[in-house]
Every structure is written in C-alpha cells, then in structure tokens.
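# Geometric and topological summary
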Amino acid sequence: MPIRFSNHKDIPKLRQIMKIVFGDNDLFLDRFFQYKYKNNALVYEINNEIVSIAFLLDSLMENKPISYIYGCGTLPQYRGKGFMNEILSYAYQIRNEQNFVGLCLVPASDSLFHYYRSQGFENYFYRKKTNYLLSDFPNLKGQDLLLKPLSPNQYFELRNQEFSTPNSLQWDLKHYELVEKEYVNEKGGFFEVTENQKIVGIGFFYTHHFKTYISELLTKLTLNQIAKLFFNSLETNDIEIYTPGKEECYGMIKWNKNAHSDSQNYGYLSFALD
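Residues numbered from 1 in each chain as written. Predicted model: local features only at pLDDT ≥ 70, side-chain atom pairs only at ≥ 80, totals over all residues. Heavy atoms only, no water.

## Points about the pattern of salt bridges
A complete count under the given rule lists 12 salt bridges for this structure. As a salt-bridge pair, Arg-4 and Asp-10 come within 2.8 Å of each other at their nearest N and O atoms. The exposure class assigned to Arg-4 is partly exposed, which follows from its relative accessible area of 24%. When its relative accessible area of 10% is taken as the criterion, Asp-10 is described as buried. Of the charged contacts in the structure, one is a salt bridge between Arg-127 and Glu-248, with a shortest N-O distance of 3.1 Å. Of this pair, Arg-127 sits in strand E6 (residues 122–133) while Glu-248 sits in strand E12 (residues 238–255), placing them 121 residues apart in sequence. Classification of Glu-248 by relative accessible area gives partly exposed; the value is 31%. One network of salt bridges, in which partners are shared, links Arg-15, Lys-19, Asp-26 and Asp-30. (Salt bridge = Lys/Arg side-chain N within 4 Å of Asp/Glu carboxyl O. Buried < 20%, exposed > 50% of the residue type's maximum accessible area, 1.4 Å probe, protein only. Helix = DSSP H or I, 4+ residues; strand = E, 2+ residues; numbered from the N terminus.)

Structure below.
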C-alpha cells in the first residue's frame, strides 16, 4: 500500500514538502517538529518518493479522542490524482478502528470547504469576530479590570477547568507552548482578566503594527469591557476579538458514526496553527 505513517527519517522530506506547498520557514518548522511531531504524518509514496502528506494531531473533545488533520499537502506535479482523497480515507479508517470520535480540520481557504465536503466532512466549528477602533472609546477611564500575563501551563489548567467550552478541542500543554512561540513576535501571550482579585476571563493576544489580535477570549464580560481594558493597557489602534459563537464557520468534522450519536450542536476550535 502506498500510504503509511511517517518515521523519524522522513523529517527532511516532510519539511521540504511543507516549504514547497505552504511556504513554511525553517523557524516555524523547527518548532513544529519539536512540539507536534510524533511520527504522526500519513505519507503517500510513489517509487519510494513521498508526494503527499497530512499530519494527525490528536486531541480531545468532551474527553473523547479526536484527530485534527493539519498540513494536507501534495507536491504540485502530483496533484489531481486523488492521493489526498486516499490519505483522508485511510486516516478515517484508522481512527475509526481506534474508536476516535472523528476527524476535524480547518480548510486553508473558502474554496476548500467544497472539497472537504465531498470527502464526508461537514461544517461544525464556529467562532465570532468583533472589531473595535480606538476612536470608539473617547473615554477610557474608570475601569476596575486588570490584565495579567499567564504561562502556557496556567492557561492550560484554567481553560480545561473553570473556562471550559462545550464541544471544544482540548489541546495538550505542548500545543499552547508552540502557539506562544509562534505568534508572539512583538508583544502578547496568554492572559487573565481579573476583577476584585477574581479571574473573570482568559485569552491569548498578539500585536502587529499597532493592531491587537485576541485570537481567543473566554469570558462572561462584555466585549466592550475587554476592548476598553486593552486600549487602556496597550498602545494599539485596532482590536480584533475572536470568541465562541455560531457566526463564522471555521472548521469541519467527519464523525465516526459508531462513536458519536449527536452531531446537531456546533463546536469551537481554536489555536489550529492555521
């Protein structure tokens, strides 16, 4: 069979394909293989040459195992031959046999939603995006909230306990460590919001060219309160906040019908390394 799981010797070729297909740089690849690689790529070979790949990044959803498919890529000269179809089918078969709840992924572009739908995936993971401008807040004074940094380990504990979200992927600690290293080039990181010494929200942010991206926010506070806090705390002109909510479809799932009976609700997927 031309499909198999990768091994340590395949890393140079996997890196090369990721550079060609996705334009990944060496710094990201070094981090990715350090934090996420466990011989967990499915590879398609022709004449002992790897021509198509997909990584299976295992996680949990509602404490049940699920695989997030990442880095689906085929060398340009081998596209259109159905190799990725076979990889996805094989991944589904393997994980079904292991009683995983299913496979999930984030399409790299809107046009790929149609392709993955043809492979049995359905829209499932949603999020809400809200934007604020500094000019929206002429008066920034008079707020009792505090913004404090969190380590990846602290965030991991809080997110899986006090701030857990239904039908959300639960990543391991190494995933959060990779997220912090990958996205914080200027300023940012995991944070908590406190009010009267009580934690009332957590999230992750990074800044770029005076714009702040809060790529995850879990709180019961209003987003206006969070935006005002960040405008008070950072030198930023624009804030983009992502929260759980059924507004924008972000990811898809292919259920293992034997392991999951209720696919009517929607889920939440963050930190997908997209």
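## Quick notes on the nonpolar core
As a rule of thumb, soluble globular proteins bury nonpolar side chains together. Formed by 74 residues in total, the largest nonpolar core has its most connected members in Phe-55 and Tyr-68. When sequence neighbours within four positions are dropped, the list of residues in contact with Tyr-68 reads Phe-55, Leu-56, Leu-57, Cys-104, Leu-105, Val-106, Leu-169, Trp-171, Leu-269 and Ala-272. In this structure, Tyr-132, Ile-214, Leu-217 and Leu-234 belong to the second largest nonpolar core, which totals 20 residues. (Core = buried A, V, L, I, M, F, W, Y, C linked by side-chain atoms within 4.5 Å. Contact = heavy atoms within 4.5 Å.)

## Thoughts on the pairing of strand E2 (residues 41–46)
Relative to E2, strand E1 (residues 3–5) runs antiparallel, the two being bridged by three bridges. What sits directly across from Phe-5, in E2, is Leu-42. Pairing between E2 and strand E3 (residues 49–61): six bridges, direction antiparallel. Considered in E3, the bridge of Tyr-44 is made with Ser-52. Here E2 folds back onto E3 in antiparallel fashion, the turn holding two residues, of which Asn-47 has a positive phi close to 50°. (Pairing = 2+ DSSP bridges.)

## Some thoughts on helix H2 (residues 26–35)
Within H2 the residues assigned to the buried category are Phe-28, Leu-29, Arg-31, Phe-32, Phe-33 and Tyr-35. Next to the buried residues of H2 lie helix H1 (11–22), E3, strand E4 (64–74) and helix H6 (173–183).

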